Amino acid sequence: MILNFSVKNFKSFKAEAQFSMEASSLREAWTLPKAALIEPAEGLKILPAAAIYGANASGKSNLFLAMMTMRWFIQTSLARENVLNKIPVEPFQLSPDTQKEPTEFEISFLKDNSLFRYGFVANSDMVLEEWLHVKELKKRNKEKEVFYREKDSFYFHPQLFSKGKVMVDSDLIKDSVLVLTLGYQLNDEIARSAMEWFVGFNTLTGNRDHEYKEFSYQQIQEKTEIEKEMQELIRLADIGIKNLSTGVVMDRPAIFTHHDVYDEKGNVVGEATFLLDSQQSEGTQKFFHLLGPILWSLKYGNVLFVDEMDTRLHPNLMEKMVELFQDQRINTNHAQLIFTTHNTNLMDAQLLRRDQVWITEKDRFGATHLYSIAEYKKGKGTPRNKEAIETNYIEGKYGGVPFLGNWENYIESKKDEQAAAGDQ
C-alpha cells in the first residue's frame, strides 16, 4: 500500500509535489459505509482509491510518469550498467534554475507489517543521493535508517542491511546503479522485500490498453483464479455478452464473445459469436482489458495506477470499477487504485471523499501544483462535508479547469469581422 509519494524537478513539476493516500480527519471517515478505510496500525488510516483531475496539459499524466519512472529505474538500474542509456529523468525546462538540477523521488509504502520510506536524487548520468528507512508497525517503534548514500559516501545499518559490507568490500556501488537494486541482486532480505513491493505496483496507460490486453486474455485462456470473476463482471456490465471463450484465428489466440439470439417474441432461439478484437466496440474491449489488472490487484492486494482511465469507458462502468476498491467486502486484501480522469460524475459524496480527489493545476510559469480538495483553501476556506464538489469543480472554484474566457473573445471577434464585412 502506498502512503505518500513526492517528486521534485521532473517534467512539469518544479517545486516538490506531495501526493498522499493517508486519510485526513474528515467526517466522511465515519459516515460512509462503502469507504474501505484500511487501518494497519493505531492512528494510521489509508485510502483505497484516489482520483486525479485537472485540465489538459496540467500535469496529471506527469504524476503518473513520475511514479512509473521511479519504479522502472528501480527494476532496471543494474541491467543498465553496461548500456549507454541515460537515467530517464527530465528536469523542469521552463526555468534556468532547474534545467541542470537533479530530480528527486521519494515514496513510503507498507510491506510485511513494516513501513518503508525510500527515495533517491539523480540526474541523467548518476545517482547523487539514495536512502532507505524502515519502521515496524508497533507502538513506540522508531524509524531506522537502513542505508544512506551521497555521491562517494555510503552508510548502512550492519544488522538491517547485511549486504552493505559486501558492497563496500567488493567496490560494487556504481554511479548509475541504485543500491536498492544491487541489494536485491545480492539477495539482501530487506532489499528483496522492498523490491517485491515495487514489482507488485502496476502502472497502466488507459488509452494504450493494447499493451496489457494479453494479460486479460491469459486469464481466460488459462482459466486462472480470476477467470470466473471476469466472466461474471462481463455479464453484469449489461453489454449483451453472456460469456467469453478462447480460440484461434489465423494461428493467433483470440477471445470470442457469446450472445443470445431472440425471436420476435423475446424467446432465446440460438447463439451468436463475435470476435472481441474486431466485432466489439472499443469501449467493450477497454472494459475487458482493464478487468484482468483490476481483479488481479484486488486478489493480491497490489497498487494499480491507471492514467486516462476514463478513455472509451462509460462513466457508469468506471464508477463500478472504483466501487470494487471502495467496498471492504470485496477489497479484502487492501488493494489500491489511483487514476487520472476527466469524469466528474465520480465527484460524488457517496463514492469519493474529499481527500480522495486530487487536482493538478499549472501556474503562469508552466509549473504544476498538486493538491487535494480536502486541503484546498481559498476564499471561504476548506470545502465542507456534503458540498457540491462536482458542480464547484466544473465552475472552477477549486482550480484545475481550463480558462476559456479567451475562447469567447475569439468568437465575438469573428462576429465583429462578419458584421464589418456585411456593412461593406
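Keep in mind it's a predicted model, so treat the numbers as computed, not measured.

**So, the overall build of the protein**
Scanning the protein for helices and strands turns up 12 helices and 18 strands. Going through the 424 residues of the protein one by one, you find that 48% of them count as buried. Once local pairs closer than 6 in sequence are excluded, the contacts in the protein between residues at least 24 apart make up 60%. A total accessible area of about 22,100 Å² is found for the protein, and carbon and sulfur atoms account for 48% of it.

**Re the confidence of the model for the protein**
Chain-level statistics for the protein give a pLDDT mean of 87 and a share of 86% at 70 or above. Least confident of the elements in the protein is helix H1 (residues 28–31), whose mean pLDDT is 50; most confident is strand E1 (residues 2–8), at 98.

**Remarks on helix H6 (residues 213–221)**
By the burial criterion, the buried members of H6 are Lys213, Ser216, Tyr217, Gln219 and Ile220. Taken around the axis of H6, the buried residues stretch over an arc of 155°, which confines them to a single face. Residues of H6 that are buried in the fold lie against helix H7 (227–236), strand E12 (243–249), strand E13 (252–262), helix H8 (276–279) and helix H9 (282–300). Directly beyond the C-terminal end of H6, a positive phi value near 50° is found at Lys223.

**What to know about helix H10 (residues 315–326)**
With 12 residues, H10 extends 16 Å from end C-alpha to end C-alpha; this agrees with the ideal 16 Å at 1.5 Å per step. Within the span of H10, buried status applies to Leu317, Met318, Met321, Val322, Glu323, Leu324, Phe325 and Gln326.

**Comments concerning the pattern of salt bridges**
This model, assessed by the stated rule, comprises 19 salt bridges. Asp125 is paired through a salt bridge with Lys86; the nearest N and O atoms lie 2.5 Å apart. One end of the pair, Asp125, is in the loop between strand E7 (114–122) and strand E8 (127–136); the other, Lys86, is in the loop between helix H2 (60–76) and strand E6 (103–111), and 39 residues separate them in sequence. By relative accessible area, Asp125 is classed as partly exposed at 46%.

**Considering the pairing of E8**
Regular strands show a simple pattern: their side chains alternate between the two faces of the sheet. With 7 of 10 residues buried, E8 lies mostly within the body of the structure. Connecting E7 to the antiparallel partner E8 that follows it, the hairpin turn spans 4 residues. Sheet analysis places E8 next to strand E9 (residues 144–150), joined by 6 bridges and oriented antiparallel. Bridged to Val134 within E9 is Lys144.

**Let's talk about the pairing of E6**
By the criterion of burial, E6 is predominantly enclosed, with 7 of the 9 residues buried. As judged from the 6 bridges shared by E1 and E6, these two strands associate in the antiparallel manner. When the sheet's bridge partners are listed, Ile2 is paired in E6 with Phe109. Counting the residues between successive antiparallel strands, the hairpin from E6 to E7 contains 2 residues, one of them, Asp112, with a positive phi of roughly 55°.

**Things to note about the packing of H6 against H9**
In the contact formed by H6 and H9, the axes pass within 7 Å of each other and the chain directions differ by 75°. Between H6 and H9, the interaxial angle falls into the category roughly perpendicular. Two secondary-structure elements touch here, H6 through Lys213, Phe215, Ser216, Tyr217, Gln219 and Ile220 and H9 through Phe288, His289, Leu291, Gly292, Pro293 and Trp296. By residue class, the composition of the contact of H6 with H9 is 7 nonpolar, 4 polar and 1 charged.

**Focus on the packing of H7 against H9**
When two helices pack together, their arrangement is given by the angle between the helix axes and the distance between those axes. Relative orientation of the contacting elements H7 and H9 amounts to 140°, with a least axis distance of 10 Å. The pairing of H7 with H9 is recorded here as oblique in orientation. Relative to H9, H7 is oriented so that their crossing is right-handed. Touching Glu229, Met230, Leu233 and Ile234 of H7 are Phe287, Phe288, Leu291, Gly292 and Leu295, all from H9.

**Here we look at the sheet that holds strand E2 (residues 17–20)**
Taken together, 7 strands build an open sheet; the order of strands is E2-E1-E6-E7-E8-E9-E10 and the sheet is antiparallel. One side of each edge strand has no neighbouring strand; the edge strands of this open sheet are E2 and strand E10 (153–156). On average, each strand axis in the sheet is inclined to that of its neighbour by 10°, with strand direction left out of account. Note that E1 and E2 share 4 bridges and pair antiparallel. Its bridge partner being in E2, Ser6 is matched across the sheet by Gln18. Along the sheet, helix H5 (residues 189–199) contacts E1, E6, E7, E8 and E9; its crossing angle with E6, the most-contacted strand, is approximately 95°.

**A look at the packing of aromatic side chains**
Applying the stated rule across the entire model yields 18 aromatic pairs. Here Trp197 and Phe201 contribute two aromatic rings whose centre-to-centre distance is 5.5 Å and whose plane-to-plane angle is 40°, an arrangement assigned as tilted. Given a relative accessible area of 2%, Phe201 falls into the buried group. One aromatic cluster is present, built from ring pairs that chain together Phe10, Phe73, Phe105, Phe109, Phe116, Tyr118, Phe120, Trp197, Phe198 and Phe201. Note that Lys299 overlies the ring of Tyr300, its terminal NZ or CZ placed 5.5 Å from the centroid.

What counts as what
- Along each chain, residues carry numbers from 1 onward, in the same order as the chain's sequence is written.
- Since the coordinates come from a predicted model, pLDDT governs what is reported: local features require at least 70, and pairs of side-chain atoms require 80 or more to be given and counted, while whole-chain, interface and lining totals use all residues.
- No hydrogens and no water enter the side-chain calculation; it runs on all heavy atoms of the structure.
- The helix count covers DSSP runs of H or I at least four residues long, the strand count covers runs of E at least two residues long, and both are numbered beginning at the N terminus.
- Only protein chains enter the accessibility calculation, which uses a 1.4 Å probe; a residue whose area is less than 20% of its type maximum is buried, one above 50% is exposed, and one in between is partly exposed.
- A contact between two residues is defined here by any heavy atoms of the two lying within 4.5 Å.
- Methods summary: accessible areas were calculated by the Shrake-Rupley approach with a probe of 1.4 Å, and residue burial reflects only the protein chains presented.
- What pLDDT expresses is the predictor's confidence in each residue, scored from 0 to 100.
- Directions pointing from the helix axis toward each C-beta atom define the arc.
- Each helix should span, by expectation, one fewer than its residue count multiplied by 1.5 Å.
- Salt bridge, as used here, is a side-chain nitrogen of Lys or Arg placed within 4 Å of a carboxyl oxygen of Asp or Glu.
- Whether two strands pair comes down to DSSP finding at least two bridges between them.
- A fitted line through C-alpha atoms represents every axis, and for helices the fit uses only the stretch in contact; the resulting angles, taken between N-to-C directions, go from 0 to 180 degrees.
- Relative orientations are named as follows: roughly parallel for angles under 35 degrees, roughly antiparallel for angles over 145 degrees, roughly perpendicular for angles from 65 to 115 degrees, and oblique for any other angle.
- For this scheme, ten residues count as nonpolar: Ala, Val, Leu, Ile, Met, Phe, Trp, Tyr, Cys and Pro. Four count as charged, namely Asp, Glu, Lys and Arg, and the remainder, Gly too, count as polar.
- Left-handed describes a crossing whose near helix is turned anticlockwise from the far helix by less than a right angle; the clockwise case is right-handed.
- Aromatic contacts are taken between Phe, Tyr and Trp rings whose centres are within 6.5 Å, Trp giving its six-membered ring; a plane angle under 30 degrees counts as stacked, one over 60 as edge-to-face, and the others as tilted.
- By the criterion adopted, a ring carries a charge over it if an Arg CZ or a Lys NZ lies within 6 Å of its centre and within 35 degrees of its normal.

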